[in-house]
Amino acid sequence: MSPTFRSLHNQNYRRYAAGNLVSNTGTWMQRVAQDWLVLLLTANSAAAIGITTGLQFLPFLLLSPVAGLVADRIPKRRLLQMTNVGMAAPAFVLGVLAVTGTVQIWHVYVLALVLGVASAFDAPARQSFVSEIVDAEDLTNAVGLNSAGFNSARILGPAIAGVSIALLGSGVAATGWVILINGLTYVAPILMLASLDGSRLHVADLVKREPGQIRAGVSYVRARPDLMLILGIVFFTGTFGLNFQMTSALMATQVFDKGPAEFGLLGTFMAVGSLAGSLLAASREGVRHRLVVGAAVAFGLLEIVAGLAPSYLLFALMCPLLGITALTMITSANAFMQLNTDAGMRGRVMALYMMIFIGGTPLGAPLVGWVGEVFGARWTLIFGGAMTVAGVLLASAVYLRTKSRQEEPVLASPAAF
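From a predicted model like this one, the values you see are computed outputs, not experimental measurements. (Residues numbered from 1 in each chain as written. Predicted model: local features only at pLDDT ≥ 70, side-chain atom pairs only at ≥ 80, totals over all residues. Heavy atoms only, no water.)

Peer 1: Help me understand the overall build of the protein chain, please; the structure alone is not making it clear to me.
Peer 2: The number of helices and strands found in the protein chain is 16 helices and 0 strands. Here the C-alpha radius of gyration of the protein chain, 21 Å, is about what a compact globule of 417 residues would show, namely 22 Å. Expressed as lengths along the three principal axes of its C-alpha atoms, the size of the protein chain is roughly 80 × 50 × 45 Å. For the protein chain, the proportion of its 417 residues judged to be buried stands at 55%. Across the protein chain, the fraction of contacts at a sequence separation of at least 24, relative to all contacts at a separation of at least 6, is 88%. Of the accessible surface of the protein chain, which amounts to about 16,900 Å², a share of 68% is contributed by carbon and sulfur atoms. (Helix = DSSP H or I, 4+ residues; strand = E, 2+ residues; numbered from the N terminus. Rg over C-alpha atoms; globule rule 2.2 N^0.38 Å. Buried < 20%, exposed > 50% of the residue type's maximum accessible area, 1.4 Å probe, protein only. Contact = heavy atoms within 4.5 Å. Areas by Shrake-Rupley, 256 points an atom, 1.4 Å probe, with all protein chains shown as cover.)

Peer 1: What's the story with the nonpolar core in this structure? I'm lost.
Peer 2: One broad trend across soluble globular proteins is that nonpolar side chains are buried collectively. Ile230, Ile233, Phe315, Met329, Met337 and Tyr353 are the most contacted members of the largest nonpolar core, which has 81 residues in total. Broken down by element, this core gets its largest block of residues, 13 residues, from helix H13 (residues 312-339). Non-local contacts of Met329, meaning those with residues more than four positions away in its chain, are made with Ile233, Val234, Thr237, Leu242, Val292, Ala295 and Ala296. Judged by nonpolar contacts, the second largest core, of 20 residues, contains Ala71, Leu79, Ala125 and Leu193. (Core = buried A, V, L, I, M, F, W, Y, C linked by side-chain atoms within 4.5 Å.)

Peer 1: Help me out: how do you make sense of the confidence of the model for the protein chain in this one?
Peer 2: Any segment with low pLDDT has predicted coordinates that should not be analysed in fine detail. Summing up the model confidence of the protein chain, the mean pLDDT is 84 and the portion of residues at 70 or higher is 93%. Mean pLDDT in the protein chain bottoms out at helix H11 (residues 260-282), which sits at 77, and peaks at helix H3 (residues 76-99), which reaches 95. Across residues 410-417 the pLDDT falls below 50, and counting only partners more than four positions away or on other chains, this stretch makes 1 contact in the model. (pLDDT = per-residue confidence, 0-100.)

Peer 1: Is there a simple way to think about unusual backbone geometry in this case?
Peer 2: For residues other than glycine, phi is negative in most cases, and the peptide bonds are mostly trans. With a phi close to 65°, Ser170 is a non-glycine residue in the positive phi region. Structurally, the position occupied by Ser170 is in the loop between helix H5 (139-167) and helix H6 (172-185). Relative accessible area serves as the criterion here: at 25%, Ser170 is assigned to the partly exposed category. The phi dihedral of Asp257 falls on the positive side, at around 55°, and the residue is not glycine. When you line up the elements, Asp257 lands in the loop between helix H10 (244-255) and H11.

Peer 1: Can you walk me through the packing of helix H1 (residues 11-42) against H6 in this structure?
Peer 2: Axis angle and axis distance: for two packed helices, these are the angle between their axes and the distance between the axes, and together they describe the pair. Between H1 and H6, whose axes approach to 8 Å, the crossing angle comes to 155°. In terms of their interaxial angle, H1 and H6 are classed as roughly antiparallel. You can see that H1 and H6 cross each other, and the crossing is left-handed. Contact residues: Val22, Ser23, Gly26, Thr27, Met29, Gln30, Ala33, Gln34, Trp36, Leu37, Leu40 and Leu41 in H1; Val172, Thr175, Val178, Ile179, Ile181, Asn182 and Thr185 in H6. Classifying every residue of the contact of H1 with H6 by side-chain character gives 11 nonpolar, 8 polar and no charged. (Axes fitted to C-alpha atoms, helices over the stretch in contact; angles between N-to-C directions. Parallel < 35°, antiparallel > 145°, perpendicular 65-115°, else oblique. Left-handed = near helix turned anticlockwise from the far one by under 90°. Nonpolar A, V, L, I, M, F, W, Y, C, P; charged D, E, K, R; others polar.)

Peer 1: Honestly, H13 in this entry has me stumped. Any pointers?
Peer 2: Side chains that are three or four residues apart share a direction in an α-helix, a result of its 3.6 residues per turn. An ideal rise of 1.5 Å per residue puts 40 Å on 28 residues; H13 measures up with 40 Å between its terminal C-alpha atoms. Of all 28 residues in H13, 21 are buried, a share of seventy percent or more. (Expected span 1.5 Å × (residues − 1).)

Peer 1: Just checking my understanding: could you explain the packing of H1 against helix H2 (residues 46-73) for this structure?
Peer 2: H2 packs onto H1 with a crossing angle of 135° between their chain directions and a minimal axis gap of 9 Å. Regarding the angle of H1 to H2, the classification is oblique. H1 and H2 meet at a crossing whose hand is right-handed. Two secondary-structure elements touch here, H1 through Gln34, Asp35, Val38, Leu39 and Thr42 and H2 through Ala48, Ile49, Thr52 and Gln56. Its residues placed into classes, the contact of H1 with H2 shows 4 nonpolar, 4 polar and 1 charged.

Peer 1: Just checking my understanding: could you explain the pattern of salt bridges for this structure?
Peer 2: When the charged atoms of two side chains lie near each other, side chains of opposite charge can form a pair. The full count for this structure, using the stated rule, is 4 salt bridges. Asp138 is the partner of Arg6 in a salt bridge, and the nearest nitrogen-oxygen pair spans 3.1 Å. Note that Arg6 is positioned in the segment before H1 and Asp138 in the loop between helix H4 (105-133) and H5, a separation of 132 residues in sequence. Residue Arg6 is classed as buried on the basis of its relative accessible area of 16%. Among the salt bridges present, the one from Glu132 reaches Lys76, with a minimum N-O distance of 3.2 Å. Remark: Lys76 occurs in helix H3 and Glu132 occurs in helix H4; sequence separation between them is 56 residues. Looking at Glu132, the relative accessible area reads 5%, which means it is buried. (Salt bridge = Lys/Arg side-chain N within 4 Å of Asp/Glu carboxyl O.)

Peer 1: Is there a simple way to think about a nonpolar patch on the surface in this case?
Peer 2: A contiguous nonpolar patch, built from Leu367, Trp370, Val374, Phe375 and Trp379 and spanning about 530 Å² of accessible area, is present on the exposed surface. Within the fold, Trp370 resides in helix H15 (residues 361-375). Trp370 gets classed as partly exposed once you look at its relative accessible area, which sits at 48%. (Patch = residues over 30% accessible without salt bridge, like charges linked within 9 Å, V, L, I, M, F, W, Y side chains within 5 Å.)

Peer 1: Help me understand H6, please; the structure alone is not making it clear to me.
Peer 2: The end-to-end C-alpha separation of H6 is 21 Å, in line with the 20 Å expected for 14 residues at 1.5 Å each. Listed as buried for H6 are Ala174, Thr175, Gly176, Val178, Ile179, Leu180, Asn182, Gly183 and Thr185. In this fold, the buried residues of H6 make contact with H1, H3, H5 and helix H7 (187-194).

Peer 1: Honestly, the side chain of Asn24 in this entry has me stumped. Any pointers?
Peer 2: Considering the arrangement of structural elements, one finds Asn24 in helix H1. If sequence neighbours within four positions are ignored, Asn24 has contacts with Phe150 and Ala153.

Peer 1: Looking at this model, I keep getting lost on the side chain of Thr27. Mind explaining?
Peer 2: One can find Thr27 in helix H1. If near-sequence neighbours (up to four positions away) are discounted, Thr27 is found in contact with Asn182 and Tyr186.

Next up, the structure:
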């Protein structure tokens, strides 16, 4: 088997990856359908998409520390089955409301928040569960293949959703049927998790209930400049740069005057590059800081250029390049955090990672949406890219300064002699 796919020799990992592929395809279908539904209900409001996105990711900002501790206290396989049920429920409700024509924009807001709560508890368990499925030497590869599967779903999901919505009439009911399909896809990971061979899992010891455990996780990360650098990079990139769900919709409708099929294809083009970036990450043996920094800066610069694209075709051709650089940064950052964290802290550390990476969206998405409302859709990309580059350079400067201070020789006091 090719080294790029070596984790697939593990039967448990194959089953886990298959269930995630089905579910992630449905998730991307709903993302396209939900954005299109918001545009239909609000007469193409950029601010409304920003609010919806912000509400969906707000729980990551508020609940991630608790969710990470839960992931360290409860068997992750059981927790993931519960969170999949929690994510399926709002999808079914929103789908029924849309199909019956009774949906209103406040329904979308509330259900996006409910989905975000379930996702906030799902993310740290899902991220850290990979290390229980594969051996340590295969972890970087498995993280890369997870991203490859996620981005394969990004290729399939938006394309299926865009074409399906168009074939069903491009109306509110059409989005509802797509969202209902997503609700059904959560059955796959629930069944696959149940089928895993428990004797082959590297189950970490569960953390006992003690006071100050969340604070201990925060202190652990604060004492590690290398981890703090990664968190700084993913904060600026995730908050300001990775708003494709919103920016692609605005560019397609407001700048290039395209419909749902063309909007869905933009996500597919982006995912082609993301898949390539994921597979490149899976083929690497290790991860270094400079790779994460370089990929983040390249992504920000490319995003600025994409915002200036004069035509739909050129914008679409930029999407794979954005995908490669974005996923190189994301996958490398994820692998670095897991490989350089103690097993007993991994759930809490990955929760902080997800809180900062995804939890910044409630801050950035409304702001980027406001920028698009006031200055035009192109500025959502130009502003996002510029903030990403500036933030990465700032985080790198702070890291280098902290590192140089730690390496300065400590002069002994007279009392030491």
